[in-house]
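Here is what each chain is made of, one letter per residue.
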Amino acid sequence: MRLIILGSGNVASALGSALFNASHTITQVYDRNLQLAKKLALNFKANPIDQLQNLSIDADAMLFCLSDDIIPEISSQIIDRGLLYLHTSGSVSLQELNSCFTNCAVIYPLQTISHHRAVDFTNVPICIEASNSFSEEKVKALAKSISQNIHFVNTEQRLALHLAAVMVNNFSNSLYISANKILEEHNLSTRLLNPLILETAMKAIELGPDKSQTGPALRNDQLTIKKHLQLLDSNTELKLLYQLLTEQIQQQHKSNNSNS
């Protein structure tokens with residue numbers, strides 16, 4: 001399939017690379033910053049552009065790898081040439097494209113993507129949605145070319161999935177940052193937490209989060225909780241977060257008398 005990529009960020013780079021390596025041809029890379037477009041286009045032997053009027057019609061699909069808030073703005077400036085128009089967002093509705101294009105779809109990879117870490121898409125869940133049968137056939141084929149884990153997910157479901165993903169990925173990572181800072185303030189190596197982080201994730205996958213919960217909140221260890229809160233006296237926001245999460249764990253496990 002001949003593809004045009006709009007955007008030059010993490011998703012454009014990672015998903016573009018996966019598609020390029022799956023023998024799709026990337027003809028153009030668009031970004032308002034031409035230097036960024038050139039940098040990414042070089043990886044795909046594509047033509048970099050910074051003007052929407054220079055978009056080629058010699059393609060099968062156009063992939064919007066853009067910030068959520070800019071997708072409606074950009075799509076409204078593009079003339080429908082009969083291509084397949086796709087976005088990769090977890091929170092933007094299909095209607096944002098469908099209001100501008102006849103053939104449109106969503107191809108949402110459920111994975112954290114960072115600039116300096118390659119992503120193997122083989123088993124990454126790819127969530128797809130389409131405006132019609134033609135678009136569905138095309139986006140399904142595109143998704144299957146890079147992953148074996150394809151799911152049909154509508155806009156409402158995708159938003160819920162995105163919310164859940166933010167909780168397990170972005171929120172937990174924010175806590176990792178806070179935890180590392182605490183260790184650094186007490187002259188401890190942040191690497192000490194690595195085995196715990198891995199084991200926590202594996203238990204949640206293998207046993208389920210409900211059966212994996214441990215800690216002072218679960219066993220209502222008020223002495224330990226009080227000590228932790230005293231240690232956080234100088235950080236009001238983190239102290240409040242600790243209290244809120246402690247209360248949430250206790251609410252989630254009211255009838256659980258397990259010991260850590």
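All of these numbers come straight from a predicted model, not from anything done at the bench.

Calculation rules
Numbering of residues starts from 1 in every chain and runs along the sequence as written. Given that the model is predicted, a residue must reach a pLDDT of at least 70 before its local features are reported, and side-chain atom pairs must reach 80 or more before they are shown or counted; all residues, however, enter totals for whole chains, interfaces and linings. By convention in this description, side-chain values take in all heavy atoms of the structure and omit both hydrogens and water. Salt bridge, as used here, is a side-chain nitrogen of Lys or Arg placed within 4 Å of a carboxyl oxygen of Asp or Glu. Helix and strand assignments follow DSSP, with helices taken as H or I runs no shorter than four residues and strands as E runs no shorter than two, numbered in order from the N terminus. Think of it in three bands: residues with accessible area under 20% of the maximum for their type are buried, residues over 50% are exposed, and the middle band is partly exposed, with areas taken using a 1.4 Å probe on protein chains only. In a helix, the anticipated span is given by 1.5 Å times the number of residues less one. When we speak of the arc, we mean the arc of directions from the helix axis to the C-beta atoms. Every residue pair with non-hydrogen atoms within 4.5 Å of one another is taken to be in contact. Two strands are said to pair when DSSP picks up at least two bridges between them. Fitted lines through C-alpha atoms give the axes, limited to the stretch in contact for helices. The angle between two N-to-C directions lies from 0 to 180 degrees.

Draft legend 1. Molecular detail of the pattern of salt bridges. Tallied over the full model, the rule gives five salt bridges. One salt bridge in this structure joins E129 and R158, with 2.9 Å as the shortest N-O distance. One end of the pair, E129, is in strand β7 (residues 126–130); the other, R158, is in helix α6 (residues 155–185), and 29 residues separate them in sequence. Under the relative-accessibility criterion, R158 is labelled buried at 1%.

Draft legend 2. Up close: helix α5 (residues 133–144). Between the first and last C-alpha of α5 there are 16 Å, a value that for 12 residues agrees with the 16 Å anticipated at 1.5 Å per step. Of all the residues in α5, the buried ones are S135, V139, L142 and A143. Within α5, the buried residues cover an arc of 95° as seen down the axis, which keeps them to one side. The outward face of α5, more than 90 degrees from its buried face, is lined by the exposed residues S133, E137 and K144. Contacts from the buried residues of α5 go to β1 (2–6), α1 (10–21), β5 (84–87), β6 (104–109), β7 and β8 (150–152).

Draft legend 3. Representation of the sheet that holds strand β2 (residues 25–30) in the model. Spatially, eight strands are ordered β3-β2-β1-β4-β5-β6-β7-β8 in an open sheet, and the strand pairing comes out mixed. The two strands at the open ends of the sheet, each matched to only one other strand, are β3 (47–49) and β8. Neighbouring strand axes in the sheet, compared pairwise and without regard to direction, differ in orientation by 25° on average. Bridge count for β7 against β8 is three bridges, and the pairing is parallel. Pairing of I126 across the sheet is with I150, part of β8. Across the sheet, α1 is in contact with β1, β2 and β4 (61–64); its angle to β1 comes to roughly 170°. Its contacts with the sheet put helix α2 (residues 34–44) on β1, β2 and β3, and the angle it makes with β3 is roughly 165°.

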